[in-house]
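# Topology and contacts: notes
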Amino acid sequence: MEEFLAIFFRGVIVMFTIASTLLAGYSLQNKLRLRTVRMSWRAGKLKGYPLFATVFIGVIMILSAIVIFTGDVSRYPIFAAYMWIGSMWFIASYLASKCYITDYGIVKNINEPSQTIPWFQILDYVEYPKKEGVEYLFNYSEMDKPLSEGFKQLKLFVPQKRYKTVKKIVSLKIGNKFEGQSIPDIDLKRIQED
């Protein structure tokens, strides 16, 4: 039974090694496919880095150092595989958590098409000041769907040091759609009397 479990767990490590490599390759391919990126910034939870992947690779590095110092040569391949898995996971998570502003739209997650919106789909947006930056809320409509079914929202946090540049890009790309439009005057007293 112990030998079966050892083979099973080695098989699991091989599967995770292959899966993490494919995920990192997919993320890198999506990153390379982006055209005319005007700016990007890290958006992970750990000072811009992905939280779980960073913690995982840190723990594996500590455990690998312990194994190296104890001289247990039989465990080197396993920890090498864990380091590879952690590195690939980190690369995929890092690339996916970055926000990209391109000439064609906003890409919040390169691996999730629903978090990519072209400029022409944006109906309006709101800025919410936050402690360390500004959070944009973009309202947009999915293509080929009526507004009642395809209405979506995308939240995008912009760090303070990137805010002026993002504001300029947003105003250039979609600000022209809203210029000259104003909220009509509404006579609330007349409406309430009716």
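My aim in this report is to walk through the structure given alongside it, one point at a time. (Residues numbered from 1 in each chain as written. Predicted model: local features only at pLDDT ≥ 70, side-chain atom pairs only at ≥ 80, totals over all residues. Heavy atoms only, no water.)

This part takes up the packing of aromatic side chains. Using the criterion set out here, one finds 10 aromatic pairs in the structure. A ring pair is formed by Y125 and Y136, whose centres lie 5.9 Å apart and whose planes are at 40 degrees; its orientation type is tilted. Of the two residues, Y125 is situated in strand β5 (residues 122–129) and Y136 in strand β6 (residues 133–141); the sequence distance between them amounts to 11 residues. Assessed through its relative accessible area of 24%, Y125 is described here as partly exposed. When the centroid spacing of 5.4 Å and the interplanar angle of 5 degrees are considered together, the rings of Y136 and F138 count as stacked. (Phe/Tyr/Trp six-rings, centres within 6.5 Å; stacked < 30°, edge-to-face > 60°. Helix = DSSP H or I, 4+ residues; strand = E, 2+ residues; numbered from the N terminus. Buried < 20%, exposed > 50% of the residue type's maximum accessible area, 1.4 Å probe, protein only.)

In space, the 4 strands of this open sheet follow the order β1-β2-β3-β4, with antiparallel pairing throughout. Across the chains shown, the open sheet's two edge strands, defined by having one partner strand only, are β1 (37–41) and β4 (116–118). Taking each pair of neighbouring strands and ignoring which way they run, the sheet shows an average axis angle of 10 degrees. In this structure, strand β2 (residues 99–102) lies alongside strand β3 (residues 105–107), joined through 2 bridges in antiparallel fashion. Paired with Y100 across the two strands is V107, which belongs to β3. (Pairing = 2+ DSSP bridges. Axes fitted to C-alpha atoms, helices over the stretch in contact; angles between N-to-C directions.)

Right, let's get into the nonpolar core. Counting residues in each nonpolar core, the largest one holds 20 residues, and the members touching the most others are W41, I101, I106, W119, Y136, F138 and L156. Here this core gets 5 residues from one element, more than from any other, and that element is helix α5 (residues 160–178). Residues contacting Y136, with those up to four places away along its chain left out, are Y125, V126, E127, L154, K155, L156, V158, Y163, V166 and K167. Counting residues in hydrophobic clusters, the runner-up holds 5 residues, among them L34, L95, Y100 and I110. (Core = buried A, V, L, I, M, F, W, Y, C linked by side-chain atoms within 4.5 Å. Contact = heavy atoms within 4.5 Å.)

A separate point is the pattern of salt bridges. Within this structure, the stated rule accounts for 3 salt bridges. Measuring nitrogen to oxygen at the nearest pair gives 3.8 Å for the salt bridge that ties D103 to K173. With a gap of 70 residues between them, D103 in the loop between β2 and β3 and K173 in helix α5 connect regions that are remote in the sequence. Classification of D103 by relative accessible area gives partly exposed; the value is 22%. By sharing partners, the salt bridges in this structure join R38, D103 and K173 into a single network. (Salt bridge = Lys/Arg side-chain N within 4 Å of Asp/Glu carboxyl O.)

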